[in-house]
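So you can see what is in the structure, the chains are spelled out below.
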Amino acid sequence: MRSDAQNGNLATPTEAEERKSAVEAVADHLEGLVRGGMGISVAVQSLSTGFFKVEAKMLNDARAEYERRKKIIEEWDDFPDGDVIQGDNDFRWYGGPRDGDFFWPPLRNRLRAELQDAVDEVDRSSSRIISLGEPAGEPTIDTKGLVLGHVQSGKTTNFMSVIAKAADVGYRLIIVLSGITDNLRQQTQERLFEYLVEPCRTKVHLLTTQEHDFSELTASEALLSQDDLRLLAIVKKNPARLKRLNAWIKKASATTLASCPILIIDDEADQASIDVGTSNRQSTINKLIGELLSHPKAAYIAYTATPFANLLIDPDNEAGLYPRDFVVTLPRPEAYFGPERIFGTLEVEEGVEPDDGLDIVREIPFEDVEAVRPPGKKEELEVWSADVPPSLGEAIQWFLLSTTARRLRSKDTRHSSMLVHTSMRAQAHKAIKEAVEDELTGLRKRLASGDPALMQDLTDLWDKETARVSASSFGNAHISTQEVLRAMASTLNSTSVVMDNYLSEERLKFTKEKPETVIVVGGNTLSRGLTLEGLISSYFVRAASAYDTLLQMGRWFGYRKGYEDLVRVWMTTELREWFIALATVEAEIREEIDTYAKEGKKPWQLPVRIRSHPQMAITAAAKMRSAVKANVSYSGTKVQTILFKDADKDWLQGNLDATAKLVRAAQLAGHNENELPSKTFRGFAGVSSDLILDFLDDYQVHEDARTIRTSTVREYIRAQNEKGALESWNVVFIERQNSHESDLSLGLEKPLRLLRRRKLVPGAAGLANLKAITSRWDRFADLHYTKKSIVDSLGLPGEPKVRDRHLRDLRKTRGLDKVGLLVIYPISKRSEAAQEADTISAEIEEVDHGSAAPAKTERAPLEAPQHLIGISLMFPEARDLQDTVDYYSARIEPDYLEDVEEELRAVDDLDETHLKQEDAAAAK
């Protein structure tokens, strides 16, 4: 059959088709203008006037078509676990890289060679971040955003990609604020030069070098006025350098600055950048960053793994650094060793013992701490000499053994490092370094002579540690004791000790040509941003002054592929407890961001929720050296008791009596223990808040508990009562399932079947730390639902996707949005065996973790004189997020925390000296 065309009957386009084609052509033109650096509003305006004027209806349709095309940037089904909270500017102008880009393609090729398919995730997330800002061609740019990554998880790779794409779309001056020390700045400078600058030398002018921070001599007007040139500066957050950078920029003409798009990347943005009101230095740096942002076209993107400080900035301060335009969370990579994986969480899952993390943390006894922690007074510090206590000696020996085993396993010699962090004071590092060098010298002599005692110590250590954490649990090959000992001499002889701080002339440098075997002694430089390649052993004593500081010190977070079983961390019991709490608060804050993103809330709504989080009391406690007033909200939270005086019979009996009194009061009020809908657990429904308040008056919480204060909880409940909420409570008793034993009578019709919980070891005398007693599913313990029915009702793919917010929402649909939940956990004083399925999840199937599951932290049986009563209070969301109550932070002994200000002033003074020397050299 002949076609219409062959018959000469050409199809005539309809009017609608012609118009659609014309709209698409105008949309193509708009896209070209925007991609060329013109803002969308300017592009639309340019097509609405002039010789090629487009009629208004056509132009509106074309803009709608352009925005429809860019809709892909908002559809992030393939952006796993990453979420975005964005401000009012929801127009997406950037849809990803384009043909003809100059800076991104070579970086993408380099990253693909190293990351393989993972580069696609970097590409997507960096494009998303670019799209949330403003086009370089807009008349004014005033973007402030925050990117939340994970410690040691590839933030630099992400912001390098953002820089490359920003350069491609027209951002002309790019400033990276990189820490407060030279070695971190130099590490960042080196990496950006290798990955970004070297492949694009013809279009990049460096304002800083590997050797020199900012000290540019070329006139700013000559450089900033060149459209095709990209300027890159990697600058410390140091007053002298930032003042010089600001002065240099301001020398350019107003016309040039009005047309020069500036992008500022603030790496480790929670450090030094924020004006916290307690540090003259930070106030100065904050002001200087503000000057950089005062230019007509300036965008600011903060990168951090610890957003606590950034999200506590006053969002109403227009001149501040609050990320009012967007907050982006980067997904956690699969192979990442983060706080939760190492330290576990404060939650029981699946009716088994709480997730205590991997069994890789070892205790530093108090007497060992005294040997490595320097004196506080300057005159004493100058004559102080350090020792190598047994725990540090063991950590060094483990470093040698594990490094040897890793190299035997991989049949390759790669970088391997050990971190020794006992103080941030540079003067103390020298003494620690000398002590470690003496220890290594002694080990070399003893190993060469075949010292039987040393060989036995090494054998015992290797056998003990590989028994606690087996290679097979991670799918790695086991290396025998004999193999390790035979090869260890080579490792020991190649091991060096490097002191890395602002005073040291030697610099920690990892090159491809020379594999390092190095023990690194340092302080502030090691706790922020600096990457320690092949970190396998860490010795950590220093106390931190805040959550964010503490988390950043975790240089052992990151990727440990092929030697996961060999990583070890030595720290004090107290620091370990802080990290445990930290793992939970970090996860919960990320979940809050996730919730806000899904609910379409704005960035400026975040501070209220985060500032009042009960766990943030730890931050306040750590920062404050005397009791201070703050506020907290329990809206949507759950708090639990995990610390018990397991040697104090009267204290334990007091809580048993308080619980029995609550039972009697509920019964006298007409309640029956079988009135809950739950078919699994007994309890009371609709108990008056007066009875709950009386119970909290009688119930004693351990004085070291940081996340639950009964006085504060009572005040919060009373405040909610005044607003008609929390007047009614359900009370649930969690019992051990599949047991016919009747263990504890509290006045109920039938005695309670006691739970079994074991305590973390090691621990302080007279203190039982149970780590966690509650499950996420216990928020439904008063209702008759199985986990499967909950998952099905939520429409989620599986149980791991269920979050506490989902359960709160379900309770709301059941009319329980004003009802509190008190969950009571009666725990046996003789909890010898691993706990059985006790929580709501017990009615479902048991979980088989498999024989190759990674080893978990050790626990010990409870041996208390009386049974324990643990409680968890689970609160619905308050109608008003501003609902908070006062609390007073705990007192921290002044001698326990180091004053960092003096050290930082010394860093600044040294940099001032270097700057004067550079000026003098240039003058010659």
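These numbers come from a predicted model, not from an experiment.

Turning our eyes to something else, we now look at the packing of helix α23 (residues 649-668) against helix α24 (residues 689-698). Contact pair α23 / α24: the axes reach a minimum separation of 9 Å and the direction vectors enclose 165°. Between α23 and α24, the crossing angle belongs to the class labelled roughly antiparallel. α23 and α24 meet at a crossing whose hand is right-handed. Touching N655, A658, T659, K661, L662, A665 and A666 of α23 are L691, F695 and D698, all from α24. Residue composition of the contact of α23 with α24, grouped by class: six nonpolar, two polar and two charged.

Through backbone hydrogen bonds, the strands of a sheet pair up, either in parallel or in antiparallel fashion. The eight strands are arranged β1-β8-β2-β7-β6-β3-β5-β4 in an open sheet whose pairing can be described as mixed. Strands with a single pairing partner mark the edges of an open sheet, and in this sheet they are β1 (83-86) and β4 (204-206). Each strand axis lies, on average, 15° off the axis of its neighbour in the sheet, ignoring direction. Relative to strand β6 (residues 262-267), strand β3 (residues 173-178) runs parallel, the two being bridged by six bridges. Residue pairing for β6: I174 is matched across the bridge by L263.

Moving on to helix α4 (residues 104-115). Compared with an ideal rise of 1.5 Å per residue, which puts twelve residues at 16 Å, α4 spans 15 Å between its outermost C-alpha atoms and is within 8% of the ideal. Along α4, the positions that sit buried rather than exposed are W104, P105, L107 and L111. Mapping the buried residues of α4 onto a view down its axis gives an arc of 155°, with all of them on the same face. In this fold, the buried residues of α4 make contact with α5 (118-132), α6 (155-168) and α7 (182-197).

Further remarks concern the pattern of salt bridges. Tallying each qualifying case throughout the model produces 37 salt bridges. For the salt bridge of R468 with D359, the shortest nitrogen-to-oxygen distance reads 2.9 Å. Highlighted residues: R468 in helix α17 (residues 452-468) and D359 in the loop between α12 (339-343) and β10 (361-363), separated in sequence by 109 residues. The exposure class assigned to D359 is buried, which follows from its relative accessible area of 3%. For the salt bridge of R753 with E735, the shortest nitrogen-to-oxygen distance reads 3.8 Å.

Attention now moves to the sheet that holds strand β14 (residues 535-540). Read from one edge to the other, the open sheet built from six strands follows the order β10-β16-β14-β11-β13-β12, with strand pairing classed as parallel. Edge positions in the sheet fall to β10 and β12 (496-500), since each has one partner strand and no second. Averaged over all adjacent pairs, the angle separating strand axes in this sheet is 20°, with direction ignored.

Turning our eyes to something else, we now look at the packing of aromatic side chains. What the rule picks out here adds up to eleven aromatic pairs. The interplanar angle of 85° and the centroid separation of 5.1 Å between the aromatic rings of F102 and F103 together place this pair among those described as edge-to-face. Under the relative-accessibility criterion, F103 is labelled buried at 5%. Between the aromatic rings of Y634 and Y716, the centroid separation amounts to 5.5 Å while the plane-to-plane angle is 70°, which identifies the pairing as edge-to-face. Taken together, the residues span a long stretch of sequence, with Y634 in the loop between β17 (629-632) and β18 (638-640) and Y716 in helix α25 (residues 710-721) at a distance of 82 residues. Both residues of the pair, Y634 and Y716, count as buried. Taken together, the aromatic side chains of Y634, Y716, W729 and F875 make up a single cluster linked through ring pairs.

Those residues of α24 that fall on the buried side of the exposure criterion are S689, L691, I692, L693, F695 and L696. For α24, the secondary structure elements touched by its buried residues are α23, β20 (682-688), α25, β21 (728-733), β24 (819-827) and β26 (868-874). The N-terminus of α24 is capped by S688, whose side-chain oxygen sits 3.1 Å from the backbone nitrogen of D690.

Here the focus is the nonpolar core. The biggest cluster of nonpolar side chains holds 58 residues, and the ones touching the most others in it are I717, V731, L822, I871, L873 and F875. For this core, the secondary structure elements donating two or more residues are α23, β20, α24, α25, β21, β24 and β26. At eight residues, the largest contribution of residues to this core is made by α23. Apart from residues no more than four positions distant in its own chain, I717 is found in contact with S689, I692, L693, L696, L726, W729 and F875. L447, I479, L485 and Y539 belong to the second-largest nonpolar core, a separate cluster that totals 57 residues.

The rules behind these values
Residues numbered from 1 in each chain as written. Predicted model: local features only at pLDDT ≥ 70, side-chain atom pairs only at ≥ 80, totals over all residues. Heavy atoms only, no water. Axes fitted to C-alpha atoms, helices over the stretch in contact; angles between N-to-C directions. Helix = DSSP H or I, 4+ residues; strand = E, 2+ residues; numbered from the N terminus. Parallel < 35°, antiparallel > 145°, perpendicular 65-115°, else oblique. Left-handed = near helix turned anticlockwise from the far one by under 90°. Contact = heavy atoms within 4.5 Å. Nonpolar A, V, L, I, M, F, W, Y, C, P; charged D, E, K, R; others polar. Pairing = 2+ DSSP bridges. Expected span 1.5 Å × (residues − 1). Buried < 20%, exposed > 50% of the residue type's maximum accessible area, 1.4 Å probe, protein only. Arc of directions from axis to C-beta. Salt bridge = Lys/Arg side-chain N within 4 Å of Asp/Glu carboxyl O. Phe/Tyr/Trp six-rings, centres within 6.5 Å; stacked < 30°, edge-to-face > 60°. Polar contact = N/O pair within 3.5 Å; in protein donor to acceptor, adjacent residues only side chain to side chain. Core = buried A, V, L, I, M, F, W, Y, C linked by side-chain atoms within 4.5 Å.

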